[in-house]
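A closer look at the structure
Here are the chains, one letter per residue:
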Amino acid sequence: MSNFQISLCQTPVADDKALNLQTAKAAIEMAALAGSHLVALPEMFNCPYGKEYFDSYAEEFPQGKTIKLLSALAKKHSLYLIGGSIPEKENTQLYNTCFVFGPEGQLLARHRKVHLFDIDIPGQISFKESETLTPGDTVTFFDTPFCRVGIAICYDIRFPEFTRLMALKGANLVVLPAAFNMTTGPAHWELTMRARALDNQIYLAAISPARDQTANYVAYGHSMVAGPWGNVISQANANPAIVTAEIDLAQLSKIREQLPLLKHRKPEIY
Ligand SMILES: NC(=O)CCC(=O)C(=O)O
């Protein structure tokens with residue numbers, strides 16, 4: 001099969017974890033009804049994005065409430081469910097983790113954010129994930145009957161080598177649960193997603209929470225799918241939304257034949 005449909009659920013995130021789960025469940029159900037084969041949620045979709053929240057919202061695999069819900073929903077709707085990310089606890093460590101479940105409800109992948117978001121732009125935004133979170137250390141994929149899918153989380157996308165590795169290992173789609181902010185979002189969100197898609201001639205799907213101006217960390221929104229030509233296929237604004245797009249693998253192959261960027265690399269020189 002060379003075409004399949006994906007949906008990105010740009011859900012709002014509240015302080016109330018149970019409400020966040022209800023919101024995610026309703027969005028996944030809508031995406032399933034729309035006929036999507038793969039559905040994805042935003043970064044930290046069950047928890048406000050702030051280091052003071054991570055520990056109390058964190059869950060352990062496999063018994064965590066969010067984790068069990070994601071597995072059950074993937075099975076119920078028989079789809080690939082990329083569970084955004086949640087704070088995950090293992091022993092005493094906390095991670096920013098994406099759990100991926102397949103159509104039988106089975107765990108297919110677990111990506112722990114590798115590049116922690118530690119930035120300081122005076123007067124605008126300061127954030128230090130490394131004060132509470134431990135980084136992961138793997139490049140993460142899973143296989144579907146459609147194509148291989150790579151997973152990264154938000155700031156991971158800033159590092160071109162990371163996405164390039166996924167493309168070289170055969171990922172045709174990279175899914176990125178993310179939460180850019182109101183400083184870097186307008187400046188870099190679309191540019192970065194399109195650049196990673198174009199350089200690697202892949203589809204790139206980035207999913208943000210909806211914007212909440214009253215939150216401590218205001219997410220940019222604008223969940224989007226970029227294509228292998230570097231084009232924007234579909235993009236939300238800042239409001240809650242479900243972004244649906246067709247992934248056309250024949251088109252991807254055609255672009256790679258006509259403009260064989262990956263074949264023309266000279267790694268022996270660089
Ligand atoms: N949650 C994150 O990793 C935020 C990354 C971000 O905003 C950026 O500009 O990069």
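What counts and what doesn't
Sequence order as written defines the numbering, with residues in each chain counted from 1. The predicted nature of this model means local features are confined to residues of pLDDT at least 70 and side-chain atom pairs, given and counted, to a pLDDT of 80 or more, with totals for whole chains, interfaces and linings taken over all residues. Only heavy atoms go into the side-chain values, all of them from the structure, while hydrogens and water stay out. Secondary structure elements are taken from DSSP: a helix is a run of H or I of four residues or more, a strand is a run of E of two residues or more, and numbering for both begins at the N terminus. Between the first and last residue of a helix there are one fewer steps than residues, each counted as 1.5 Å, and that sum is the expected span. Burial classes follow relative accessibility: with a 1.4 Å probe on protein chains only, a residue under 20% of its type's maximum area counts as buried, one over 50% as exposed, and anything between as partly exposed. Comment: arc refers to directions from the helix axis out to C-beta atoms. The contact criterion used throughout is that any non-hydrogen atoms of two residues lie within 4.5 Å. Working definition: residue near molecule or strand if any one of its non-hydrogen atoms lies within 4 Å of it. Distance and chemistry together define a polar contact, namely a pair of N or O atoms within 3.5 Å, with one atom able to donate a hydrogen and the other to accept it when in protein, and with adjacent residues in sequence counting only for side-chain atoms on both sides. For the accessible areas, the method is Shrake-Rupley and the probe is 1.4 Å, while residue cover comes only from the protein chains on display. Three classes are used: nonpolar for Ala, Val, Leu, Ile, Met, Phe, Trp, Tyr, Cys and Pro, charged for Asp, Glu, Lys and Arg, and polar for all others, with Gly counted as polar. Ring pairs shown here join Phe, Tyr and Trp side chains whose ring centres sit within 6.5 Å, with only the six-membered ring taken for Trp; geometry is labelled stacked below 30 degrees between planes, edge-to-face above 60, and tilted in between. Remark: a charge is flagged as sitting over a ring if the NZ atom of Lys or the CZ atom of Arg is within 6 Å of the ring centre and within 35 degrees of the ring normal. UniProt positions are given in the numbering used here, feature names are shortened, and annotations may be inferred rather than shown by experiment. pLDDT runs from 0 to 100 and stands for how confident the predictor is about each residue. One side-chain nitrogen of Lys or Arg within 4 Å of one carboxyl oxygen of Asp or Glu is enough to make a salt bridge. We define the nonpolar core as a collection of buried residues of types Ala, Val, Leu, Ile, Met, Phe, Trp, Tyr and Cys that are connected through side-chain atoms lying within 4.5 Å of one another. Angles shown run from 0 to 180 degrees and are taken between the N-to-C directions of axes, each axis being a line fitted to C-alpha atoms and, for helices, limited to the stretch in contact. To sort the angles, those under 35 degrees are grouped as roughly parallel, those over 145 as roughly antiparallel, those from 65 to 115 as roughly perpendicular, and the leftovers as oblique. By convention, the crossing between two helices is left-handed when the near helix turns anticlockwise from the far helix through less than a right angle, and right-handed when the turn is clockwise.

Counted at 1.5 Å a residue, the expected span for helix H1 (residues 17-33) with its 17 residues is 24 Å, and the 24 Å between its end C-alpha atoms agrees. Along H1, the residues that are buried comprise Asn 20, Leu 21, Ala 24, Ala 27, Ile 28, Ala 31 and Ala 32. Projected down its long axis, H1 shows its buried positions confined to an angular sector of 140 degrees, all on one face. Structural note: H1 exposes Gln 22, Met 30 and Leu 33 on the side pointing more than 90 degrees away from its buried face. In the core, the buried residues of H1 are packed alongside strand S1 (3-10), strand S2 (38-40), helix H3 (65-77), strand S3 (80-82) and strand S15 (241-248). A positive backbone phi angle near 90 degrees is found at Gly 35, which sits one or two residues after H1.

What follows covers the site of the ligand. Lining the immediate surroundings of the ligand are Glu 43, Tyr 49, Lys 113, Phe 117, Cys 154, Tyr 155, Arg 158, Ala 179, Phe 180, Asn 181, Thr 184 and Tyr 217. Here an oxygen atom of the ligand sits 3.2 Å away from a polar atom, N or O, in the main chain of Tyr 155. Between the ligand and Asn 181, the relevant distance is 3.0 Å, taken from an oxygen atom to a side-chain nitrogen or oxygen of the residue. About the coverage of the ligand: the protein hides 100% of its 290 Å² of free accessible area. Looking at the shell around the ligand residue by residue, the class counts come to 7 nonpolar, 2 polar and 3 charged.

Any two aromatic rings considered together are summarised by their centre-to-centre distance and by the angle between their planes. Throughout the structure, instances matching the rule amount to 14 aromatic pairs. Summarising the aromatic geometry, the rings of Phe 127 and Tyr 217 are spaced 5.5 Å apart at their centres and angled 80 degrees between planes, so their arrangement reads as edge-to-face. Of this pair, Phe 127 sits in strand S8 (residues 125-128) while Tyr 217 sits in the loop between strand S12 (203-207) and strand S13 (224-226), and the two are 90 residues apart along the sequence. The buried category is assigned to Tyr 217, whose relative accessible area is 12%. Taking 5.2 Å as the distance between ring centres and 75 degrees as the angle between the ring planes, the aromatic pair formed by Phe 180 and Trp 189 counts as edge-to-face. Trp 189 shares its class with Phe 180; the two are buried. Three or more aromatic residues joined by ring pairs make a cluster, and in this case those are Tyr 49, Phe 54, Phe 117, Phe 127, Tyr 155, Phe 159 and Tyr 217. One cation-aromatic arrangement involves Arg 112 over Tyr 95; the distance from NZ or CZ to the ring centre is 3.8 Å. The lysine or arginine in question, Arg 148, covers the ring of Phe 141, its NZ or CZ lying 5.1 Å from the ring centre.

Here we take up the UniProt feature "domain: CN hydrolase" (unreviewed entry) in the chain. Those residues carrying the UniProt feature "domain: CN hydrolase" (unreviewed entry) are residues 4-249 in this numbering. Counted over residues 4-249, helix gives 26% and strand 31%. Its end C-alpha atoms are 8 Å apart.

A word on the confidence of the model for the chain. Per-residue pLDDT for the chain has a mean of 98; in total, 100% of the residues score no lower than 70. Among the prediction metrics, the complex's ipTM stands at 0.99, with pTM recorded as 0.99.

Once that is clear, we can look at the pattern of salt bridges. Enumeration over the complete set of coordinates arrives at 12 salt bridges. Note that Glu 29 and Lys 25 form a salt bridge whose closest N and O atoms lie 3.7 Å from each other. Remark: Lys 25 and Glu 29 occur in helix H1; sequence separation between them is 4 residues, near one turn of the helix. Residue classification places Glu 29 among the partly exposed positions, given a relative accessible area of 23%.

This next bit is on the nonpolar core. With 49 residues, the main nonpolar core has Leu 38, Ile 82, Leu 173 and Val 175 as its most contacted residues. Each residue touching Leu 173, except ones within four places of it in the same chain, is listed here: Phe 4, Leu 38, Cys 147, Arg 148, Val 149, Gly 150, Tyr 203, Leu 204, Ala 205 and Ile 247. The next biggest cluster of nonpolar side chains, apart from the first, holds 19 residues, and it includes Cys 9, Ile 28, Leu 70 and Phe 99.

Interaxial distance between helix H4 (residues 160-168) and helix H5 (residues 184-200) falls to 10 Å at its minimum, and their mutual angle equals 40 degrees. Taken together, H4 and H5 sit at an angle that is classed as oblique. With respect to the hand of their crossing, H4 and H5 are arranged in right-handed fashion. Here Pro 160, Thr 163, Arg 164 and Ala 167 of H4 lie close against H5, whose contacting residues are Arg 196, Asp 199 and Asn 200. Partitioning the contact of H4 with H5 into residue classes produces 2 nonpolar, 2 polar and 3 charged.

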